[in-house]
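What the coordinates show
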Amino acid sequence: MFNIDVKLTKEDESEVLRYLQHNGKDIDENLHAQVLECMEKINAVAKPNFVFREWDLEENGKFPKELDFFVGNSIKKHIKDCHKLILMAATIGIGVDNAIRKEELKNVANALIMDSCGSTLIEAVCDSIEASFREQYLKENNYLTFRFSPGYGDLPITIQKQFVDVVNATRRIGVNVSDSGIMLPRKSVTAIIGVSDQKLETLKKTCAGCNLLKSCRYRKIGVRCYA
Amino acid sequence: MHNLLILDGAMGTMLQAAGMKAGEHPEVFGFDNPDIVKNIHLKYIEAGSNIIYANTFGANAHKLEGCKIDVDTAIKNAIQSAKEAVAESKRDVKVALDIGPIGELLEPLGVLRFEDAYDIYKEMVVAGEKYGADIIVYETFTDLYDVRAGVLAAKENTKLPVWVTMTYETTGRTFTGTKIESMAVTLEGLGVDAIGFNCSLGPKEILPLARKLKEWTTLPIIIKPNAGLPNPSTGEYDLHAADFAKLMAEYKSFGISYAGGCCGTAPDFIKELKSELDATEAKEGKSVKVKTGICSANEMVELNGVRVVGERLNPTGKKRFQEALLNHEMEYICKVAIEEEESGADILDINVGVPGGDEVALMREAVKAVQSVVNIPLQIDSSNPEAIEAGLRVYNGRAIVNSVNAEDDRLDLILPIVKKYGAAVIGLALNENGLPTTAQERVDNAKHILDRALEYGLKKEDVIIDCLTLTVSAQQDQARETLEAVRMVTNDLGLHTTLGVSNISFGLPARSHITENFLIQAMYAGLDLPIVNPNIEGIMNAIYSYKVLSGEDKDSVKYIERFATVKTETKVVTVSNNGEVTKEMVEDAILKGLKEETYNNAKKLLEDHGELEIINEYLIPALDTVGDLYEKQVIFLPQLINAANAASSAFELIKERIANKGEHNVSKGKIVVCTVKGDIHDIGKNIVKVILENYGYRMIDLGRDVDIKNVVDTVVRENVKLVGLSALMTTTLPAMKKTIEEIRKVSDDCKVWVGGAVLTKEYADEMGADFYAPDARSSVDIAKTVLG
């Protein structure tokens with residue numbers, strides 16, 4: 001049902017460049033080749049894996065007790081019309097961290113590009129998982145919100161540890177959280193998706209909804225972090 | 001022989017069923033509800049457990065931080081509950097101190113230092129022994145390094161037996177990449193008493209992993225699987241007690257010593273398990289010959305053919321390497337290591353002995369750094385026992401020690417260390433009477449080393465003999481003696497042999513001919529661990545060819561692989577007047593990121609230009625041009641870095657020249673950079689470093705997750721006038737602010753600049769930074785402003 005065996009392809013190049021804050025100008029052949037080479041390096045070491053659990057929201061739309069660490073208004077708003085939640089954690093594995101660390105010594109430019117490739121790949125893996133959920137739920141006439149992650153809106157990044165614990169991601173897929181809320185392997189994502197029986201309108205991420213609005217490195221050069 | 005013993009099942013799920021809330025610490029819950037814990041133990045004992053695990057899995061200082069009980073109290077209480085259950089049951093049941101991972105990944109994956117992990121485990125095991133645990137069990141580990149720290153802590157601070165079970169994926173690797181064979185060989189070497197698997201998979205999935213483990217260890221095996229695989233949506237496990245027990249019965253066939261259950265298993269599982277496995281004999285094939293080898297966590301090198309030992313991590317006669325060691329430039333050393341691995345080395349010899357350097361500290365530092373970037377195992381090269389121990393202690397795998405000789409004093413000094421860490425050892429075939437002159441003397445020395453090694457509990461296959469390569473231009477007759485000794489040690493003593501091969505040709509012209517010829521003859525005589533420079537093509541060609549002719553390279557697969565793909569890189573040829581290198585050419589090559597060409601340009605320029613002149617007149621102006629183009633957004637970040645990389649190939653050459661002249665390096669001033677405490681994002685910081693280095697600044701990179709004290713101490717010690725701090729998380733900005741405040745306390749004129757994704761000019765001002773760098777390029781301007 002879930003296809004997580006996702007690989008980076010030529011089509012992902014623009015996405016990789018976007019993470020590198022590329023401004024859309026033409027790039028030369030050498031750089032094209034360099035990006036493709038870095039994609040292959042990441043494909044070779046990435047091991048996508050994910051875990052999820054589903055919870056019913058309580059009658060009044062509140063979070064079940066086990067999930068009371070979800071605080072703030074953004075997430076409340078996000079799941080306003082939902083009756084069920086999917087919590088997921090995904091990763092492309094520690095091999096990616098190791099490969100990037102090694103490449104930093106050999107060629108920092110490659111390391112930087114590989115880092116972007118990793119970001120692109122983990123998002124692609126999450127997209128694939130989300131699409132499967134969407135398809136599956138649509139059969140029951142249910143609709144999904146977009147993936148909402150800690151650090152977005154006013155949902156603090158500090159809940160990362162509780163999130164990872166509640167889906168048992170450390171034992172199941174090897175995702176760890178540092179004291180400052182950083183996930184290891186680095187290219188890992190936790191996300192919450194709401195399930196609703198109504199067609200949802202606010203399905204798009206917006207800059208206005210993001211707590212990095214003022215400091216966003218993408219906005220500084222006029223691009224966005226989402227497609 | 002004893003019968004297989006039954007362990008217990010899950011504790012966590014039982015506690016939850018008894019009312020423990022999600023997110024609550026099991027140890028704190030157990031402290032508040034000792035009767036609940038005792039009753040769970042009792043249920044397992046009644047179900048048939050011979051050994052129960054105390055409720056101490058997360059009773060470490062890291063996890064209990066901020067809780068109302070400390071480690072000692074948690075362990076005391078949990079063991080007491082277990083012991084009360086045992087007393088009540090009136091059965092002969094042992095209590096294990098159960099220890100799970102700390103909950104922070106160790107370096108280099110995470111930020112926890114090996115030494116700190118050791119201290120955390122030490123606190124636990126000391127308490128465990130004090131309160132009467134019978135066994136120490138480390139379980140659910142995925143990182144061999146982490147559990148090594150635990151095992152050492154237990155072995156050095158208690159007398160209790162130590163067991164280890166790790167958690168694997170069906171691929172035969174843990175999440176961090178540890179192989180089964182590496183786990184087996186490393187832990188058996190450290191003197192662990194039983195090993196095996198727990199968690200992550202069910203009995204069916206673990207079975208093939210257990211078979212593999214059996215091939216690599218003589219130790220008793222522990223199997224403690226989950227109740228099958230979890231339902232993804234609910235997290236419930238799919239096996240019932242009876243099915244679980246049936247699947248566990250499969251393990252009878254090859255003999256395990258301890259069986260129990262992990263996640264999802266309850267007392268009924270243990271009851272069924274007991275009736276299924278009762279009266280099964282525990283087969284612990286002590287006499288069985290198992291596989292062994294030299295390994296890192298992720299790679300096993302079996303010694304069953306010619307294995308190339310890379311020799312380049314050695315400062316002898318290499319000024320630049322010496323300088324790198326003295327300056328703690330581990331990056332330089334790591335780069336050499338990566339080159340050797342990529343050239344086909346199987347094992348890396350590592351020697352850090354340099355006049356004026358602290359060999360013990362350097363060995364520790366270098367082993368940590370090198371093992372973080374190469375997979376192949378290491379050979380710790382020193383004659384200083386303390387340096388050897390320092391290297392072995394932090395080495396995540398099973399290393400070779402290079403070396404000891406046949407003198408009893410030396411053997412008594414070195415062999416206990418080799419034994420303690422389960423390493424292999426090279427014995428030089430010489431003794432207090434000096435260099436032997438005949439093959440027989442060498443063999444006699446080898447025999448003595450072997451005998452003494454066996455006395456110390458090493459196995460025969462752990463001993464490697466160096467039959468001593470002498471320089472053929474000085475002692476011509478010795479080449480034959482060395483070769484004959486290799487043959488005799490191999491055939492008559494049945495030991496592995498090693499030689500520092502290239503020494504043979506010292507003092508002769510066209511050394512490679514002699515070296516390669518000697519290498520081939522030596523391999524034919526039995527040499528299986530040649531210490532060579534793997535970057536020399538001829539050497540590696542000889543080894544690849546030899547492996548075909550000896551039959552080791554089956555169907556010539558590796559040979560064909562090496563030579564089938566002929567490199568077709570086209571070299572860029574730059575045409576110019578009189579072959580002179582112009583400023584335009586330098587700039588063009590750098591702008592295009594052409595490393596080799598930039599290197600060659602610099603080489604040519606060095607013929608009639610000074611080092612400083614090249615830096616100031618050629619390289620820096622080119623980099624400025626590149627920087628301008630970046631600012632104008634004509635090129636973007638990867639291209640800027642490519643240019644910096646190209647330039648650094650020229651810088652490295654210039655540094656080497658200056659080092660060889662015995663002069664100190666050119667430096668426009670020292671700059672400290674680091675990623676602040678709590679943060680581990682360091683690519684941005686590394687980019688800044690590479691770029692600034694090319695402007696002639698001496699970069700002191702403190703790394704990531706850096707303690708404030710470390711920054712402050714460095715500023716004072718090195719009298720630093722500029723510090724760059726990086727942070728990428730909103731959660732780590734406070735650490736940045738604090739770092740600045742502390743720097744201010746110790747220095748009036750040290751400037752600080754900050755950068756990183758979440759930063760803005762406003763944040764930078766607010767936290768009192770002198771400068772804000774929106775991108776890597778702007779760091780150059782800041783450095784120029786402050787240091788010139």
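Throughout, residues of each chain are indexed from 1 in the direction in which the sequence is written. Labels follow written order: the first chain is A, the first ligand is 1, and so on. For a predicted model such as this one, the threshold for reporting local features is a pLDDT of at least 70, and the threshold for listing and counting side-chain atom pairs is 80 or more; totals across whole chains, interfaces and linings nevertheless cover every residue.

Before going further, it helps to examine the overall build of chain A. Helix and strand assignments follow DSSP, with helices taken as H or I runs no shorter than four residues and strands as E runs no shorter than two, numbered in order from the N terminus. The number of helices and strands found in chain A is eight helices and six strands. Along the chain direction, N to C, the helices and strands of chain A fall in the order α-α-β-α-β-α-α-β-α-α-β-β-β-α. In chain A, which comprises 227 residues, the proportion classed as buried is 48%. Sequence-distant contacts, at least 24 apart, represent 81% of the contacts inside chain A between residues at least 6 apart. For the exposure call, what matters is how many other C-beta atoms sit within 10 Å of a residue's own: 20 or more marks it buried, 12 or fewer exposed, and in between partly exposed, using C-beta atoms placed from the backbone. Residues are scored as being in contact if the C-beta atoms we place from backbone atoms lie within 7 Å.

A few words on the UniProt feature "domain: B12-binding" (unreviewed entry) in chain B. UniProt positions are given in the numbering used here, feature names are shortened, and annotations may be inferred rather than shown by experiment. Taking the numbering used here, the UniProt-annotated feature "domain: B12-binding" (unreviewed entry) corresponds to residues 668-788 of chain B. Between the first and last C-alpha atoms of residues 668-788 of chain B the distance is 7 Å; the span itself is 44% helix and 18% strand.

All names here are of chain A. On the basis of which strands lie adjacent, the open sheet formed by four strands has the order β1-β2-β6-β3 and antiparallel pairing. On the outer flanks of this sheet lie β1 (49-56) and β3 (143-144), each paired with one strand and no other. With axes taken as lines fitted to C-alpha atoms, and helix axes fitted only over the stretch in contact, angles between N-to-C directions fall between 0 and 180 degrees. With respect to the sheet, helix α5 (residues 108-138) is in contact with β1, β2 (84-91), β3 and β6 (188-196), its orientation differing from that of β6 by roughly 20°. By definition, two strands form a pair when at least two bridges between them are found by DSSP.

Okay, the nonpolar core next. Among the nonpolar cores identified, the biggest contains 334 residues, and Val164, Ala259, Val370 and Val425 of chain B are the most heavily contacted of them. When residues of this core are assigned to their parent elements, the largest contribution, 13 residues, is made by α5 of chain A. Ignoring anything within four residues of it in the chain, the contact list for Val164 of chain B reads Tyr138, Phe141, Val147, Val151, Leu187, Val192 and Ile195 of chain B. Here a nonpolar core is just a set of buried residues of the types Ala, Val, Leu, Ile, Met, Phe, Trp, Tyr and Cys, joined wherever their C-beta atoms sit within 7 Å.

Another point: the pairing of strand β12 (residues 347-350) of chain B. Residues and elements named next belong to chain B. Neither face of β12 is left uncovered, since the one carrying Ile347 and Asp349 and the one carrying Leu348 and Ile350 both have all their residues buried. Pairing geometry for strand β11 (residues 309-313) and β12, over three bridges, is parallel. Looking at the pairing, Leu313 lines up with Ile350 of β12. Pairing of β12 with strand β13 (residues 378-381) involves three bridges; the strand directions are parallel. When the bridges of β13 are listed, Ile350 appears paired with Ile380. We call a crossover right-handed when, viewed with both strands directed away from the observer, the connection leading from the first strand over the helix to the second proceeds clockwise. Crossover connection from β12 via helix α13 (residues 359-371) to parallel β13: handedness right-handed.

With that out of the way, let us pick up helix α17 (residues 478-493) of chain B. Residues and elements named next belong to chain B. Any helix carries an expected span of 1.5 Å times its number of residues minus one. Between its first and last C-alpha atoms α17 spans 21 Å; for 16 residues at 1.5 Å apiece the expected length is 22 Å, and the two agree. Looking only at α17, the buried set comprises Gln478, Glu481, Thr482, Leu483, Ala485, Val486, Met488 and Val489. At its buried positions, α17 is contacted by α16 (439-455), β17 (463-466), β18 (496-500) and α18 (511-525). In the segment just after α17, Gly494 is the residue with positive phi, at about 70°.

Here we come to the interface of chain B and chain A. The interface is formed by 49 residues belonging to chain B together with 46 residues belonging to chain A. Element by element, the count of residues in the side of chain B that touches chain A is highest for helix α24 (residues 637-660) of chain B, at six residues. Here the nonpolar group is Ala, Val, Leu, Ile, Met, Phe, Trp, Tyr, Cys and Pro; Asp, Glu, Lys and Arg are the charged ones; every other residue, Gly included, is treated as polar. Its residues placed into classes, the side of chain B that touches chain A shows 23 nonpolar, 22 polar and four charged.

All names here are of chain B. Taken in spatial order, the three strands line up as β10-β9-β14 in an open sheet, and their pairing is antiparallel. Each having just a single partner strand, β10 (300-301) and β14 (397-398) make up the two edges of the open sheet. Note that strand β9 (residues 294-296) and β10 share two bridges and pair antiparallel. Bridge assignment links Cys295 to a residue of β10, and that residue is Met300.

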